[in-house]
Amino acid sequence: PRSALPLPADTQSALDNEFTGGVYFGAFAVAKDGSWGWVVGANSQAAAHEIAIEECRRHADDCVVYAEILPQGYQPLGPGQATMAPEPTEYFNNPGDRPQYMAFAISEDGAYSMVWGYGSQAEANQAAVADCAGYVITDLPNLRQMPCVLLPFQ
């Protein structure tokens, strides 16, 4: 946790029982009245913080990040670098023997898509971004847009 302040019992229970098992970026936000919001599996620390705060703001306005999950050995990113949760990383690093023209797209909020077997690279790119966009968080109206971007295979 980032804070040692005591939490109301139901908020502590949510932190202990719901905000568990995350192996990648996660954040747990709380408000003075004990309201909370959380996320695990985001593709960046900033996205995890923003999503948790917006989830908490569904119930209160004074939300702050109380705890976070960072990948082991995490270092801040440089320009042009991206991070991914373990599941999409496995697909990206080991795409397998797929038909020609495959593409991979991710969003900071945790959305991703890998497609293959299209008639051209442009078609695959368009399909990956469109499919990924279908998984982007859209139900938090004050959350900044986190569009899907293509990651080129090596």
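A few points on the structure. (Residues numbered from 1 in each chain as written. Predicted model: local features only at pLDDT ≥ 70, side-chain atom pairs only at ≥ 80, totals over all residues. Heavy atoms only, no water.)

1. As for unusual backbone geometry
- Positioned with a positive phi, Tyr 101 is a non-glycine residue whose angle comes to about 65°.
- Tracing the backbone through its elements, the reader meets Tyr 101 in the loop between helix H3 (86–93) and strand S4 (103–106).
- A residue is classified by how much of its surface remains accessible, and Tyr 101, at 30% relative accessible area, is partly exposed. (Helix = DSSP H or I, 4+ residues; strand = E, 2+ residues; numbered from the N terminus. Buried < 20%, exposed > 50% of the residue type's maximum accessible area, 1.4 Å probe, protein only.)

2. A few points about the sheet that holds strand S5 (residues 112–115)
- Strands sit in the order S5-S4-S6 across an open sheet of three strands; the sheet is antiparallel. Edge strands, defined here as strands with exactly one partner in the open sheet, are S5 and strand S6 (149–150).
- Here S4 runs beside S6; their pairing, made up of two bridges, is antiparallel. Note that in S6 the partner of Ile 106 across the bridge is Val 149. (Pairing = 2+ DSSP bridges.)

3. Focus: the state of the cysteines
- Enumeration according to the criterion identifies two disulfides in this entry.
- With its sulfur 2.2 Å from that of its partner, Cys 56 forms a disulfide with Cys 63. Judged by the sign of its S-S torsion, about -80°, the cystine formed by Cys 56 and Cys 63 is left-handed.
- Accessibility expressed as a relative area gives 7% for Cys 63, which makes it buried. (Disulfide = S-S within 2.5 Å.)

4. Describing the sheet that holds strand S3 (residues 64–69)
- The three strands are arranged S2-S1-S3 in an open sheet whose pairing can be described as antiparallel. Of all the strands in the sheet, just strand S2 (36–42) and S3 have a single pairing partner and so form its edges. Along the sheet, successive strands turn relative to each other by an average axial angle of 15°, direction set aside.
- Two elements, strand S1 (residues 25–30) and S2, share six bridges in a ladder whose sense is antiparallel. The residue of S2 that forms the bridge with Phe 25 is Ala 42.
- Sheet strands in contact with helix H1 (residues 9–17) are S1, S2 and S3, and its direction is about 175° off that of S1.
- Contacts from helix H2 (residues 45–56) reach S1, S2 and S3 within the one sheet, and its direction differs from that of S2 by about 150°. (Axes fitted to C-alpha atoms, helices over the stretch in contact; angles between N-to-C directions. Contact = heavy atoms within 4.5 Å.)

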